[in-house]
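# Tertiary structure, described
Chain by chain, the residues run as shown.
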Amino acid sequence: MNVLQMNGRFCVRRTVLACALLMVETAHAQSTTPVDPSTGPTSLDAVKVSATAVDAAYAGGQIARGGSLGILGTASTLDTPFSTVNYTSEMLRNQQARTLADVVVNEASVRTLTSSGGFGEDFQIRGYTVTSGDVGLDGLYGLASASRMPAALMERVEVLKGPGTLMYGIGPSGSIGGAINIVTKRAPDAPLTRITPTFQSDAQVGLQADVARRFGATGAWGVRFNGVYADGETGIDHGSQRPSLGAVAVDYRSDRLRWTLDAYDQREHTRDFRPQVGFQATNTALPKLPDPRDNYFPNTQLALHDSTVATRLEYDLAPSIMVYGAAGYRYGTASQTFPSGAVDTLGRMKLLNAYYDSYSRTKTEEVGLRWQFATGSVEHRLAVAATFLEQEAGNAYVTSGVTVPSSLYDPSPLPPITLPRNAPRKASNTTLSSFSLVDTVSLADGRLLFTAGLRSQRVALDSYATATGLRTSAYDERAVSPLAGVVLKVLSNVSLYANFTAGLSRGGTAPASAANAGQVFAPYKSKQYEAGVKADWGQFGTTVSVFQVARPNAVTDPATNVYSFDGRQRNRGLELSTFGELSSDLRLLASATFYEAELQHTAGGLNDGHRANGVPKRNFNLGLDWDVPGVAGLALTGRAISSSSVYFNPANTISVPGWTRFDGGARYATRIGGKPVTFRANVENLFDRHFWLLSGTYATVAAGRTYLASAQIDL
């Protein structure tokens, strides 16, 4: 058994710090021991392994040419056997992105399942739900808010389409559709002092501050602060929201050592947040859409709080060997009014009121090594990593005990809750650990790349009754997840790629609103097959991919309200995208996704062959950004986002209509008093279209026409 294998066995049983020391010792020994070039690996002295991101963007500045992929490090999009998209900070600013949902909706394979102004954000990638709690922060899971992440702290947003288990490990909630990673801001080389007043309809005003400096003779030390505060009325009757953020990023860089420290504190207080409803199992059609400004659950309250600290250290043992370690801690709470009611075709319901308060406490760690070497004419990029995540989650769910008749169009007051509002108690404790080994082999001067790897995973979960504190169920499962990928550069700017990935994911937990609330299900495996073509045409890029992703199907029966797994969901799809500059004054961001999502092996074959509920047949995106001729600094923007209809239930008896949303905007960059100033104005849902958004068994009326305005001032 070689030393890497021995270290791998040790790492899954010991602390991350101990693993880091072993990896350093191993790498140092391998880098200093002479090797006969004719019999073994040789070090590539000209290559320096670094975690520096691939920052160069396509013309127009909206999409980066590369990004990070967890254990694989950073690489050009053309060199990776996966489908990815990497959004830049310039695009986030120009679209006035408020949260992560405003960013990822730019890709047709990604949809938001909830609307702005609600209690949280859920996403769908390749037809599968990805929760906010499964969003990565600088490559680590468990550190992002379980509700929503503010765009103000984001330098870049990286989206991997398809299961990312081997690259990133297991998400705390077990999402498999894809991986979203937030890259936080760092201090640039030039001093930055940016103040941005903001406005959002109906009457919410705010202020953002972005200040950064570098210190030392060579600028080795950097500090960046981002702050946000806003308050005022939202686009919901009697609604108001007060979000705030404080985020500090410190970094140090030298020839061989890089260190970062991030800390953020996010708070949000919302009165009358955007409500969700379910539909009755006997419905044959949906009720008439209420106006998105209507508040059919009046007097709700929501308070969110997230605090996170994370650090990462990278050290180059040699020009071709880098070791790293990262760790983070997050504590988050949510307190909310939680009314519910299944609506009939006339919009009527029996309204139940409740409090649902929750918390989660997460510790996460990762250590790894990346080594580039050659065996003869074959070049290798070897990556070894160990990860550990522990998350404790708790809740308290108290109902009114009685229901009152109500309607979407003539809402009743919420029934009073007479029971005490107890503090949340522990409901689950999750432990996720893994050890990974991946090698990317480069042949024919880098024109042919093979990537193969294995991740040994452990998923352990203990579930507790919140009323008694007693453990009600537990499991401890292990599996080895493989990865195989190939990239063939048929031309210097055109790559063919294919991959196969499989992953073990934490089993689902029945939500608080289900009849079997809190029931924990065993881990499950998912598989993906994918192939595609990527091309870099200089000013713009294009991608075409086909995929198949399959996993056990999670359903909540509308008749019994019982959450369970039933059969398998298999999603097949075709993805098309293009991005960059069509001309010197016109930027394009366009994509389309076509799905064939099918249920298989369902109980008694009852729903075999039915379309998977919640998955559309097709999605389209088109975004244009145009510099107005003859007016320096003025640009107009337009965007269309469209999704076809979806089924509400596995029986395919209730259909939710498709929708198309149009957005528009303008910006003007000028100088005032010698200082750069950029004015931006955007309108989301320009024509005030009304439509349902479906998330599991719940539906939300999408936000109506929303105005955004800001003035970015660089002092």
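Look up a bit, the structure's there.
Quick summary incoming for the structure in this document. (Residues numbered from 1 in each chain as written. Predicted model: local features only at pLDDT ≥ 70, side-chain atom pairs only at ≥ 80, totals over all residues. Heavy atoms only, no water.)

This part covers the overall build of the protein. For the protein, the helix and strand inventory stands at five helices and 38 strands. The buried share of the protein, taken over its 715 residues, is 56%. Accessible surface, the protein: about 28,400 Å² in total, of which carbon and sulfur atoms supply 58%. (Helix = DSSP H or I, 4+ residues; strand = E, 2+ residues; numbered from the N terminus. Buried < 20%, exposed > 50% of the residue type's maximum accessible area, 1.4 Å probe, protein only. Areas by Shrake-Rupley, 256 points an atom, 1.4 Å probe, with all protein chains shown as cover.)

With that out of the way, let us pick up the side chain of Gln276. Along the polypeptide, Gln276 turns up in strand β16 (residues 276-279). Exposure remark for Gln276: the relative accessible area of 13% places this residue in the buried category. Engagement of the side chain of Gln276 in a polar contact is seen with the side chain of Thr700, the distance being 3.2 Å. (Polar contact = N/O pair within 3.5 Å; in protein donor to acceptor, adjacent residues only side chain to side chain.)

The next subject is the nonpolar core. Tyr87, Leu100 and Val157 are the most contacted members of the largest nonpolar core, which has 36 residues in total. Secondary structure elements with two or more residues in this core: β4 (83-88), α3 (89-94), α4 (100-104), β6 (122-125), β9 (154-161), β10 (178-184) and β14 (240-253). Sorting elements by how many residues they give to this core places α4 first, with four residues. For Val157, the contacting residues outside a window of four places in its chain are Val85, Asn86, Tyr87, Leu92, Leu100, Val103, Val104, Ile180 and Asn181. Counting 22 residues, the second-largest nonpolar core is a separate cluster that includes Phe82, Tyr141, Leu160 and Met322. (Core = buried A, V, L, I, M, F, W, Y, C linked by side-chain atoms within 4.5 Å. Contact = heavy atoms within 4.5 Å.)

Once that is clear, we can look at unusual backbone geometry. Here the bond from Ser201 into Asp202 is cis, since omega is 10°, no more than 30 degrees from zero. A positive phi is found at Asp138, a non-glycine position, where the angle reads about 50°. Mapping Asp138 onto the fold places it in the loop between β8 (136-137) and β9. Asp138 sits in the partly exposed class, given a relative accessible area of 21%. If you check the backbone angles, His601 has positive phi at about 55° while not being a glycine.

Summed over the entire model, instances satisfying the criterion amount to 41 salt bridges. Note that Arg194 and Asp714 form a salt bridge whose closest N and O atoms lie 2.7 Å from each other. One end of the pair, Arg194, is in strand β11 (residues 192-200); the other, Asp714, is in strand β38 (residues 706-714), with 520 residues separating them in the sequence. In this structure Arg194 comes out as buried when scored by relative accessible area, which is 14%. The residue Asp272 makes a salt bridge to Arg271 at a minimum N-O spacing of 3.6 Å. Looking at Arg271, the relative accessible area reads 35%, which means it is partly exposed. (Salt bridge = Lys/Arg side-chain N within 4 Å of Asp/Glu carboxyl O.)

Once that is clear, we can look at the sheet that holds β10. With mixed pairing, four strands are arranged side by side in an open sheet as β4-β9-β10-β8. In this open sheet, the two strands that pair with only one neighbour each are β4 and β8. Looking at chain direction, β4 and β9 are connected through six bridges and run antiparallel. Bridge assignment links Thr84 to a residue of β9, and that residue is Leu160. (Pairing = 2+ DSSP bridges.)

This part is about the sheet that holds strand β37 (residues 698-701). Across the sheet, which stays open at both edges, the four strands sit in the order β19-β16-β37-β36 with mixed pairing between neighbours. Each having just a single partner strand, β19 (342-343) and β36 (692-695) make up the two edges of the open sheet. The sheet contact formed by β36 and β37 spans four bridges and is antiparallel. If you follow Trp692 over to β37, its bridge partner there is Val701.

Our focus in this paragraph is the packing of aromatic side chains. Counted by the stated rule, this structure contains 16 aromatic pairs. Plain terms: the ring middles of Trp221 and Tyr252 are 4.8 Å apart, the flat faces sit at 50° to each other, and that makes the pair tilted. Highlighted residues: Trp221 in strand β13 (residues 221-233) and Tyr252 in strand β14, separated in sequence by 31 residues. Residue Trp221 is classed as partly exposed on the basis of its relative accessible area, which comes to 41%. Overall, Tyr252 belongs to the partly exposed group, its relative accessible area being 23%. Seen in terms of ring centroids, Trp659 and Phe691 are 4.5 Å apart; in terms of plane orientation they differ by 5°. Their pairing is stacked. (Phe/Tyr/Trp six-rings, centres within 6.5 Å; stacked < 30°, edge-to-face > 60°.)

What follows covers the pairing of strand β21 (residues 378-407). Looking along a regular strand, one sees the side chains alternate between the two faces of the sheet. Pairing of strand β20 (residues 348-375) with β21 involves 27 bridges; the strand directions are antiparallel. Its bridge partner being in β21, Thr362 is matched across the sheet by Gln391. Here β20 folds back onto β21 in antiparallel fashion, the turn holding two residues, of which Gly376 has a positive phi close to 70°. Looking at chain direction, β21 and strand β22 (residues 425-443) are connected through 17 bridges and run antiparallel. In the sheet register, Glu392 faces β22, and the bridge partner there is Asn429.

The next subject is the pairing of β6. Of the strand pairs in this sheet, strand β5 (residues 110-112) and β6 are connected by three bridges, and their pairing is antiparallel. The residue of β6 that forms the bridge with Thr112 is Phe123. Bridge analysis of β6 against strand β7 (residues 128-131) gives four bridges, and the strand direction is antiparallel. Along β7, the bridge assignment pairs Asp122 with Thr131. In this antiparallel pair of consecutive strands, β6 and β7, the connection spans two residues, and Arg126 shows a positive phi of 50°.

Turning our attention to the environment of Thr270. By the secondary structure assignment, Thr270 is in strand β15 (residues 257-271). You can call Thr270 buried: its relative accessible area is 3%. It is 8.8 Å that separates the C-alpha atoms of Thr270 and Phe119, two residues lying 151 residues apart in sequence. When residues no more than four places from it in sequence are discounted, the contact partners of Thr270 are Ser240, Gln241, Thr300, Gln301 and Leu302. A polar atom in the side chain of Thr270 sits 3.4 Å from the side chain of Gln241.

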